[in-house]
Amino acid sequence: MKKALLTLIVAPLFAVYTTFAVADDAVDASAETIKEYTEMCLNWAKDDDISNEELKPYVLKCVNDELESEGYKKVTDVNI
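Rules and cut-offs
- Residues numbered from 1 in each chain as written.
- Predicted model: local features only at pLDDT ≥ 70, side-chain atom pairs only at ≥ 80, totals over all residues.
- Heavy atoms only, no water.
- Helix = DSSP H or I, 4+ residues; strand = E, 2+ residues; numbered from the N terminus.
- Buried < 20%, exposed > 50% of the residue type's maximum accessible area, 1.4 Å probe, protein only.
- Contact = heavy atoms within 4.5 Å.
- Salt bridge = Lys/Arg side-chain N within 4 Å of Asp/Glu carboxyl O.
- Expected span 1.5 Å × (residues − 1).
- Arc of directions from axis to C-beta.
- Core = buried A, V, L, I, M, F, W, Y, C linked by side-chain atoms within 4.5 Å.

Draft legend 1. Focus on the overall build of the chain. Counting secondary structure elements, the chain contains three helices and zero strands. Tracing the chain from N to C terminus, the helices and strands come up as α-α-α. Within the chain, the proportion of its 80 residues that are buried is 20%. A separation threshold of at least 6 residues defines the contact pool for the chain, and within that pool the share at least 24 residues apart is 46%.

Okay, structure coming up:
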């Protein structure tokens, strides 16, 4: 009984630990990859009628979403 209880307590903690360990393994994307995602996001912004004031934050979030989905680290700025 004590082993089962201990397992129920330790297993979720181990799962959280491994999630953060994997997240730390993200690598920097190449400049070319960031440029491709930026161009793609700029096209999406045009399709979504994003205003000039909202363009940079929109593109930055879009690029970071794409980078993160591919296992790359996020960036703090994009060249538009």
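Draft legend 2. Up close: the pattern of salt bridges. Taken as a whole, this structure holds two salt bridges when the rule is applied. Its salt-bridge partner being K56, residue D77 comes within 3.0 Å of it at the nearest N-O pair. Separated by 21 residues along the polypeptide, D77 in the segment after α3 (52-69) and K56 in helix α3 bring together distant segments of the chain. Judged by its relative accessible area of 39%, K56 falls in the partly exposed class. A salt bridge links K61 to D65, with the shortest nitrogen-to-oxygen separation between them at 2.9 Å.

Draft legend 3. Structural view of unusual backbone geometry. For D49, which is not glycine, the phi dihedral falls at a positive 55°. Its place among the elements puts D49 in the loop between α2 (31-47) and α3. Classification of D49 by relative accessible area gives exposed; the value is 68%.

Draft legend 4. Focus on α2. Between its terminal C-alpha atoms α2 stretches 24 Å, which fits the 24 Å expected from 17 residues at 1.5 Å a residue. Every buried residue of α2 is listed here: T33, I34, Y37, T38, C41 and A45. Down the axis, α2 shows its buried residues gathered within 130° of arc, on one side only. Facing away from the buried side of α2, by more than 90 degrees, are the exposed residues K46 and D47. Those residues of α2 that are buried are in contact with α3. Phi for D49, located one or two positions after α2, is positive at around 55°.

Draft legend 5. Main features of the nonpolar core. Core analysis: the largest hydrophobic core is formed by twelve residues, namely A29, I34, Y37, C41, A45, L55, V59, C62, V63, L67, V75 and V78. Those elements that place two or more of their residues in this core are α2 and α3. No other element matches α3, which puts five residues into this core.

Draft legend 6. Expanded view of α3. Across its 18 residues, α3 extends 26 Å between first and last C-alpha, which sits within 8% of the 26 Å expected from 1.5 Å per residue. Looking only at α3, the buried set comprises L55, V59, C62, V63, N64 and L67. Backbone geometry just downstream of α3 places G71 in the positive-phi region, at approximately 90°.

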